[in-house]
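Tertiary structure, described
Residues per chain, in single letters:
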Amino acid sequence: IAESEAGQPLDDEVSASAYLVEVEHQYNGRQLQAYVRETEAGFGLGQQRGTDSGTRRTGVQLRNEFSENWTLDAEAFRQQNLRDGAERTVIESTGRYQDQRRVGTAGLRHIEESIAGGETASSQAIVGGSWKFFDSLLTTRMNIEAGLEETAESVDYPSRAVVGVDVVPGPRVTVFAEREVAEGTLLESAMTRIGVRSNPSERSRIDTSLSSEMTEFGPRNFANLGMNQGWNIGTRWVADVGFERSKLLNAEPLSRPDEQVPLASGSLAGDFSSAFFGLGYRGKDWTVSTRTQWRNSATEDRRALIGGFYREPQAGHGFSAELNLIDRTTASAIAGFDGRLRLGWARRPDGSRWI
């Protein structure tokens, strides 16, 4: 029975269902997959993706590897929103060439949408790739999704261009810069991002960047800093620690028609600080891991404890357990404590056709 934050019942018991039908075929470099999946709103115990809730999706995917360098990917799907009846159909095909120095992609995409009684259609040309120079010390990259009509009708598929460069001035250090511009009927944004990635040791990483963004919601300048460090303690223990910080340097007052809908290009996330610490142990036929997380932002304070256990007493038989404890302090309806325990068992013997 659902309850509000005040502890009062909201409605009667909630019931929801879901199903998935999938067929996959692989042969001689070809992969074909067809699927139908539906997830009603409110289904599950938190193991489903939130973006799939209340949707039905039918589609087919094809991947054909003609050679070591040439690949063709094609996909067609239809997605329906079970809440309001909105529909989207996407057909896309992309060819890819890749060798040790170069990557090139080219393709076409067509989108049809029916939202709130209105119907729209748009098509895009896709061109992209990367090129390494000077023994991989310099990498240039580009990706363009250009609308073939005068305006891009879909807010999730605007005309977009990303151009970037990566420079390796020394061992384990990469300096990067990129520029992204997106424009559509309902969205315009531009972002510049520069930063440094450093890997001083095998299990450590430091990222720092400075970004400048301009959208119809106003200009924003913000800085990011992230650090991860891991250690092997003996032959069985492993530990990890990380920290990330994002700081908004300046911004104009923002106004949005729907605060719950993320932007297709760019971000409106505010200041936050987050940290984690993890500890794991590997036994002969079992492993256990724990992780504590902390995140503080202008809109939410969150603390979490995550634990996992896996044991394979004999080949092909595995038992798993996952524990998630999350405590949120926020002004929204998702504030409070959330505890979930999930158990699983799998039978996957090598010599059996059934798993």
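As a reminder, the structure under discussion sits directly above these lines.
Treat the numbers as computed from the prediction; the structure is a model and nothing was measured. (Residues numbered from 1 in each chain as written. Predicted model: local features only at pLDDT ≥ 70, side-chain atom pairs only at ≥ 80, totals over all residues. Heavy atoms only, no water.)

1. Observations concerning the overall build of the protein
Worth spelling out the cut-off: Only DSSP runs of H or I reaching four residues or more are called helices, and only runs of E reaching two or more are called strands; each is numbered from the N terminus. Here's how the labels work: a residue is buried when its accessible area is under 20% of the maximum for its type, exposed when over 50%, partly exposed in between, all with a 1.4 Å probe on protein chains only. All accessible-area figures derive from a Shrake-Rupley calculation using a 1.4 Å probe, and residue coverage is judged against the displayed protein chains alone.
Counting its regular elements, the protein contains 0 helices and 19 strands. Sorting the 355 residues of the protein into buried and exposed places 24% on the buried side. Accessible surface, the protein: about 23000 Å² in total, of which carbon and sulfur atoms supply 55%.

2. A closer look at the packing of aromatic side chains
For clarity, the cut-off: Two rings belonging to Phe, Tyr or Trp (six-membered ring only in the last case) form a pair when the distance between their centres is within 6.5 Å. Interplanar angles under 30 degrees mark stacking, angles over 60 mark edge-to-face geometry, and anything in between is tilted. Whether a charge sits over a ring comes down to the Lys NZ or Arg CZ being within 6 Å of the ring centre and within 35 degrees of the ring normal.
Applying the stated criterion to the full structure yields 7 aromatic pairs. Three or more aromatic residues joined by ring pairs form one cluster here, namely Trp237, Tyr281, Trp286, Phe309 and Phe319. Geometry around Phe77 places Arg57 over its ring, the cationic atom sitting 3.7 Å from the centre. When the ring centre of Trp131 is taken as reference, the NZ or CZ atom of Arg102 above it lies at 5.4 Å.

3. Things to note about the side chain of Thr55
Test applied: Two residues qualify as a contact provided that any one of their heavy atoms is within 4.5 Å of a heavy atom in the partner residue.
Checked against the element boundaries, Thr55 lands in strand β3 (residues 55-65). Ignoring any residue separated from it by four or fewer positions in sequence, one finds Thr55 in contact with Arg37, Glu38, Thr39, Gln79, Gln80 and Leu82.

4. Observations regarding the environment of Thr71
Take Thr71: it is sitting in strand β4 (residues 70-81). Residue classification places Thr71 among the buried residues on the basis of a relative accessible area of 11%. Along the sequence, Thr71 and Arg96 sit 25 residues apart, while their C-alpha atoms lie 5.1 Å from each other.

5. A look at the pattern of salt bridges
As a reminder, the rule being used: Salt bridges, as used here, are contacts in which a Lys or Arg side-chain nitrogen is within 4 Å of a carboxyl oxygen on Asp or Glu.
With the rule as written, the count across this model stands at 19 salt bridges. A salt bridge links Glu65 to Arg63, with the nearest nitrogen and oxygen atoms 3.6 Å apart. Among the salt bridges present, the one from Glu145 reaches Arg160, with a minimum N-O distance of 4.0 Å. With Glu145 in strand β8 (residues 138-147) and Arg160 in strand β9 (residues 159-170), this pair connects stretches of sequence that are 15 residues apart. Accessibility classification places Glu145 together with Arg160 in one group, the buried group. A cluster of three or more residues bridged by salt bridges with shared partners is formed by Glu92, Arg109, Glu145, Arg160 and Glu180.

6. Overview of the side chain of Arg57
This is how it is decided: N or O atoms within 3.5 Å of each other form a polar contact, as long as, within protein, one can give a hydrogen and the other can take it, and as long as residues adjacent in sequence are counted only when both atoms are side-chain atoms.
Inspection of the secondary structure assignment puts Arg57 in strand β3. Reaching out from Arg57, the side chain makes a polar contact with the side chain of Glu75 at a distance of 3.4 Å.

7. What about a nonpolar patch on the surface?
In plain terms, the rule: Two joining distances apply to patches: 9 Å for like charges and 5 Å for nonpolar side chains (Val, Leu, Ile, Met, Phe, Trp, Tyr), and every residue must have over 30% relative accessible area and no salt bridge.
There is a patch of nonpolar side chains on the surface, built from Trp231, Ile233, Trp237, Phe277 and Leu279 and spanning about 480 Å² of accessible area. Contributing elements (two or more residues each) for the nonpolar patch: β13 (218-233) and β15 (272-282). Its place among the elements puts Ile233 in strand β13.

8. Concerning the pairing of strand β17 (residues 300-314)
Put simply, the test is: Two strands make a pair as long as DSSP finds a minimum of two bridges between them.
Relative to β17, strand β16 (residues 286-297) is paired through 11 bridges, and the arrangement is antiparallel. By the bridge assignment for β17, Trp294 is matched with Arg303. Adjacent in sequence and paired antiparallel, β16 and β17 are bridged by 2 residues. Hairpin connection of β17 to strand β18 (residues 317-330): 2 residues between the antiparallel strands, including Gly316 at a positive phi of 90°.

9. Observations concerning unusual backbone geometry
Of note, the phi angle at Ser136 is positive, near 70°, even though the residue is not glycine. Mapping Ser136 onto the fold places it in the loop between β7 (118-133) and β8. Of note in this structure, Arg172 is not a glycine but carries a positive phi near 65°. Counting through the fold element by element, Arg172 comes out in the loop between β9 and β10 (173-183). Given a relative accessible area of 47%, Arg172 falls into the partly exposed group.

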